[in-house]
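Each chain is listed here by its residues.
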Amino acid sequence: MAGINPFDSGSAIDAIRSGGYAFKDALCELIDNSIWHGQAKNMQIDISWNTRSTSTERMSLEEVFVTDNGVGMTTDSMSRAVQIGGGSSLKSVKNFGRFGFGLIGGAISQCKIIQIYSKTKDGNWNYIQYDVSQITKGALIPEPVQQSPDDKYTSIIEESGTVIIWKEFDRAESFDNDPDAYNAKGQKKGDLGYLNYELGRIYRKFIGEEILVGEHKEDANRTVTKAVKNNDLRVITLNGKKVTPVDPLYMTKIPGFEKDPPPSNVYDEVVLPVTVHHVDADRTEKTEDIIQIRFSIINEKWRT
C-alpha cells in the first residue's frame, strides 16, 4: 500500500535546526550523555575560534569537542546515536536523556558537521559523521568505520571513551573567549567565563567534593538538608581549566573557599505533594499519583 513519508528530510532538519537551542544547552546534551550513558569520570571540553580579520569583527567558533573517558560505544550504539529518536533509554526515568533527540538535535542547531569517535575497552576506535548538507538532500548517514581520532582529542582516554566534534558553525550565536563571567557591576560579561560558571552550577552535584542531601529527623518529624562527601566525584575541564562547582545555597565547600565558616542555619524542608502528569504516569508505569519535592526555607522568619 502506497503511503506518504511523514518527514521531508530537508524541511524536517531545517525545522529542528531552528529549535532555539542555546549553545550552552546544546553542549550540556553531550555532557549529560557522558555522565549517564558513558559513565565517565572525566570530561574535557575544548573550544576554538576562527581568526578575526579585524578587532571589531564578531568572534565565531571554529571547532568544539567534548571528550570523555567513559565506557565508549559499539558501532551499533553509534548508529543509534545519530538517529533522531534512536536513544537507548527512551523509557528510563533514571537519567537526564530519554528521548533520543539531544545529541543530534542540539548539535545541528549550532553547526553542520558532527563527528563521533568512540572506543570500548579492548576494542578499536570507530568513527561516524553526520553531515547536515547531505542529510537535507535526502542522503543516508554512512555506517561507522574503523578510524582513530587525532591525538589532540584523546589525552584523557586510556582504555575507552568517546569524542564528539562540532565543525562548520552556521547557527551558533556569537561566542567570545573572555574568561570573566561577570563585570564589576555584577553583569554578565564574558561568554567563556559565563559558560564555566553555568557548567559549575548545573553539574555541581557531580563535580563538587560535597553535595547536599536531605536527611529525615525522626525525633522532629522533619527533613533537614546537610552537606556530605561526594563519593562519585567527576571532573569537567573547559579549555584546560577545571570547572568549579557553584552552590546557589552556599552550603557546600568549594575549591578556594575551604576556610569559609559552615552554614549558620540548618534549613527545614517543606514537602509538597505534586500530581504526576498522566503521560509520565503511563510512561513510568507508576501506581502512585503523587511525587514529592523539597525546597529549603532560607529565612527563619518565614517559618509558620
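Calculation notes
- Residues numbered from 1 in each chain as written.
- Predicted model: local features only at pLDDT ≥ 70, side-chain atom pairs only at ≥ 80, totals over all residues.
- Heavy atoms only, no water.
- Buried < 20%, exposed > 50% of the residue type's maximum accessible area, 1.4 Å probe, protein only.
- Helix = DSSP H or I, 4+ residues; strand = E, 2+ residues; numbered from the N terminus.
- Arc of directions from axis to C-beta.
- Contact = heavy atoms within 4.5 Å.
- Lys, Arg positive; Asp, Glu negative; His and termini not counted.
- Salt bridge = Lys/Arg side-chain N within 4 Å of Asp/Glu carboxyl O.
- Expected span 1.5 Å × (residues − 1).
- Phe/Tyr/Trp six-rings, centres within 6.5 Å; stacked < 30°, edge-to-face > 60°.
- Core = buried A, V, L, I, M, F, W, Y, C linked by side-chain atoms within 4.5 Å.
- Pairing = 2+ DSSP bridges.

Asks: Describe helix H1 (residues 9-17), with residues and values.
Replies: Those residues of H1 lying buried are Gly 10, Ile 13, Ile 16 and Arg 17. End-on view of H1: buried residues confined to an arc of 135°, all on one side of the axis. Looking at the packing, one finds that the buried side of H1 touches helix H4 (102-108), strand E3 (111-119), strand E4 (126-131) and helix H5 (132-135).

Asks: So, the side chain of Asp 191: which residues are in play, and what are the values?
Replies: You can see Asp 191 is positioned in helix H6 (residues 191-202). The buried charged residue Asp 191 lacks any salt bridge, with Lys 188 as its nearest oppositely charged partner at 4.5 Å.

Asks: Now, about the side chain of Ser 34: what can you tell me, with residues and values included?
Replies: Here Ser 34 shows up in helix H2 (residues 23-36). Judged by relative accessible area, which is 4%, Ser 34 ranks as buried. Those residues in contact with Ser 34, other than ones at most four positions away along the chain, are Gln 39, Ala 40, Met 43, Val 66 and Asp 68.

Asks: Before we move on, could you go through H2 and cite the residues and values that matter?
Replies: Helix length check: H2 (14 residues) gives 20 Å between terminal C-alpha atoms against 20 Å at 1.5 Å per residue, within 8%. Of all 14 residues in H2, ten are buried; the element is thus mostly enclosed. Looking at H2, one finds that the buried residues are Phe 23, Ala 26, Leu 27, Cys 28, Glu 29, Leu 30, Ile 31, Asp 32, Ser 34 and Ile 35.

Asks: Quick one: what's the story with the packing of aromatic side chains, residue by residue and with numbers?
Replies: Following the criterion strictly, the structure yields eleven aromatic pairs and no others. Ring centres 6.2 Å apart and planes at 80° place the aromatic pair Phe 23 and Trp 166 in the edge-to-face group. In this pair, Phe 23 sits in helix H2 while Trp 166 sits in strand E6 (residues 161-169), placing the two residues 143 residues apart along the sequence. Here Trp 166 falls in the buried class, since its relative accessible area comes to 0%. With centroids separated by 4.6 Å and ring planes inclined at 40°, the aromatic side chains of Tyr 117 and Tyr 127 adopt a geometry described as tilted. Highlighted residues: Tyr 117 in strand E3 and Tyr 127 in strand E4, separated in sequence by ten residues. Taking relative accessible area as the criterion, Tyr 127 reaches 11% and is therefore assigned buried. An aromatic cluster is present here, built from Phe 23, Trp 49, Trp 166, Phe 169 and Phe 175 joined pairwise through their rings.

Asks: Describe the nonpolar core, with residues and values.
Replies: Residues Ile 47 and Trp 166 are the most contacted members of the largest nonpolar core, which totals 46 residues. With seven residues, the top contributor of residues to this core is H2. Sequence-distant contacts of Trp 166, that is, excluding residues within four places in its chain, are made with Phe 23, Ala 26, Leu 27, Leu 30, Glu 62, Glu 63, Val 64, Ala 107, Gln 110, Cys 111, Ile 113 and Ile 114. Counting nine residues, the second largest nonpolar core, distinct from the first, contains Tyr 117, Tyr 127, Tyr 153 and Ile 157.

Asks: I'd like to hear about the pattern of salt bridges, residue by residue, with values.
Replies: Within the structure shown, the criterion is met by ten salt bridges. Note that Glu 63 and Lys 167 form a salt bridge whose closest N and O atoms lie 3.9 Å from each other. In this pair, Glu 63 is assigned in strand E2 (residues 61-68) and Lys 167 in strand E6, connecting sequence segments 104 residues apart. Overall, the relative accessible area of 27% leaves Lys 167 in the partly exposed class. Between Asp 76 and Arg 80 there is a salt bridge, and its shortest N-O distance comes to 2.5 Å. Of the two residues, Asp 76 and Arg 80 are both situated in helix H3 (residues 75-81); the distance of four residues between them amounts to about one turn of the helix. Residue classification places Arg 80 among the partly exposed residues on the basis of a relative accessible area of 29%. Each of Lys 41, Asp 232 and Arg 234 takes part in salt bridges that share partners, so that together they form one network.

Asks: Tell me about the sheet that holds E6, and name the residues and values.
Replies: Spatially, the eight strands line up as an open sheet ordered E5-E4-E3-E6-E2-E1-E9-E10, and their pairing is mixed. This sheet does not close on itself; its edge strands, each paired only once, are strand E5 (145-146) and strand E10 (241-242). Where E2 lies against E6, six bridges are found, and the strand directions are antiparallel. Within the sheet, the bridge partner assigned to Val 64 lies in E6 and is Trp 166.

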